[in-house]
Amino acid sequence: LIANIKSNQFKADSLAFFELGGVFFNAPGSLKKEAQGDSTIPYQEKHLGIILAGEEKDLFGRAKGIISSLIKDLITRDAICEFVLSEELPGWADNKIIAKIKVYGREIGLVAALNKAASDNVNLKKPVVIAEINFKDLCELTFSAQTTHFKELPKYPTVVRDFAFVIKKKILYN
């Protein structure tokens, strides 16, 4: 995602990308490297990555709004998405602009601004905000949400009021 920002940063004032991909951890996984042998590939999870770049005043607020909308659209309109200050910092994150993403009290990800050192290291000229959401947790919350069931409208709707009048033929009406 950062490479996409880097290669497109001079083409537009504001940029936004997302990606769904595997994130590898420094822990043994359950999948074997080869058919014969005991070595395994590192543990990995699917994560949804979102990156925004631009000279906007509140890029972090825009990222939080996008995440909140995503949560409400996927889970339910009543879903509560909280952004809680995080004490744990990845090496690339700004220590003042960072928050954990929590839905119904369950931590599902992180949103943070890219710090100056990391930004300079990859030669970015615009401020950048990155969000990473655990896709498995997001799916579990989505599928565990109460679904809305719809039923077909009746062919003959019920009548609430029905009036009948008997009038003389000489009375005019429209």
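Counting of residues starts from 1 at the beginning of each chain's written sequence and follows it residue by residue. Predicted model: local features are reported for residues with pLDDT of at least 70 only, side-chain atom pairs are reported and counted for 80 or more only, and whole-chain, interface and lining totals are derived from all residues. Calculation of side-chain values draws on the structure's entire complement of heavy atoms; hydrogens and water are dropped beforehand.

Asker: How should I be thinking about the overall build of the chain in this particular structure?
Answerer: Per the secondary structure count, the chain includes four helices and six strands. The numbering of helices and of strands both runs from the N terminus, where a helix is a DSSP run of H or I of at least 4 residues and a strand a run of E of at least 2. For the chain, the N- to C-terminal ordering of α and β elements is α-β-β-α-β-β-β-α-β-α. In this description the radius of gyration comes from C-alpha coordinates, and the expected globular size is given by 2.2 Å times residues to the power 0.38. A compact globule built from 174 residues should have a C-alpha radius of gyration of about 16 Å, whereas the chain, at 27 Å, is more than 25% larger. When the backbone C-alpha atoms are referred to their principal axes, the chain occupies close to 95 × 50 × 30 Å. Burial classes: relative accessible area under 20% of the type maximum marks a residue as buried, over 50% as exposed, and values in between as partly exposed (1.4 Å probe, protein chains only). A buried classification covers 29% of the 174 residues belonging to the chain. The criterion used for residue contact is that any of the two residues' heavy atoms lie within 4.5 Å. Across the chain, every contact between residues at least 6 apart in sequence was considered, and the portion connecting residues at least 24 apart equals 52%.

Asker: What exactly am I supposed to notice about the nonpolar core here?
Answerer: Nonpolar side chains tend toward joint burial in soluble globular proteins. We define the nonpolar core as a collection of buried residues of types Ala, Val, Leu, Ile, Met, Phe, Trp, Tyr and Cys that are connected through side-chain atoms lying within 4.5 Å of one another. Ranked by internal contacts, the top residues of the largest apolar core, which has 23 residues, are Ile-67, Ile-71, Ile-108 and Val-111. Among the elements of the structure, β2 (40–54), α2 (59–74), β4 (93–103), β5 (106–114), β6 (128–134) and α4 (135–144) are those that each provide at least two residues to this core. In terms of residues, this core owes the most to one element, α2, which gives five residues. Look past the residues within four positions of Ile-108 in its chain and what remains in contact with it is Ile-71, Ile-101, Val-103, Glu-132, Ile-133, Asn-134, Asp-137, Leu-138 and Leu-141. Counting nine residues, the second-largest nonpolar core is a separate cluster that includes Leu-15, Leu-114, Val-128 and Ile-130.

Asker: Explain the pattern of salt bridges to me, please; I cannot follow it from the model alone.
Answerer: A side chain of one charge can pair with a side chain of the opposite charge if their charged atoms are brought near each other. For this analysis, a salt bridge means a side-chain nitrogen from Lys or Arg found within 4 Å of a carboxyl oxygen belonging to Asp or Glu. For the coordinates displayed, the defined rule picks out six salt bridges. The salt bridge involving Glu-56 is made with Arg-62; its shortest N-O contact spans 2.8 Å. On the basis of relative accessible area, Arg-62 is assigned to the partly exposed category, the value being 30%. In this structure, Arg-77 engages Asp-73 in a salt bridge whose closest nitrogen and oxygen atoms are separated by 2.6 Å. Exposure remark for Asp-73: the relative accessible area of 53% places this residue in the exposed category. Ionic contacts of the salt-bridge type, sharing partners, join the residues Arg-106, Asp-137 and Glu-140 into one network.

Asker: Which parts of the structure should I look at to understand the sheet that holds β4?
Answerer: Sheet architecture is open: six strands sit in the order β1-β2-β6-β5-β4-β3, paired in antiparallel fashion. Of all strands in the sheet, those bounded by a partner on one side alone are β1 (14–32) and β3 (81–85). Going across the sheet, the axis of each strand differs from the next one's by a mean of 25°, ignoring polarity. Two strands qualify as a pair provided DSSP detects at least 2 bridges between them. In this sheet, β6 lies alongside β2 in antiparallel orientation, the contact comprising seven bridges. If you follow Ile-51 over to β6, its bridge partner there is Ile-130. Every axis in this analysis is a line fitted to C-alpha atoms, fitted for helices over the stretch in contact. Angles between the N-to-C directions lie between 0 and 180 degrees. The sheet contacts of α2 involve β1, β2, β3, β4, β5 and β6, and relative to β2 the element is tilted by about 120°. The sheet strands contacting α4 are β1, β2, β4, β5 and β6, and the helix crosses β5 at an angle near 130°.

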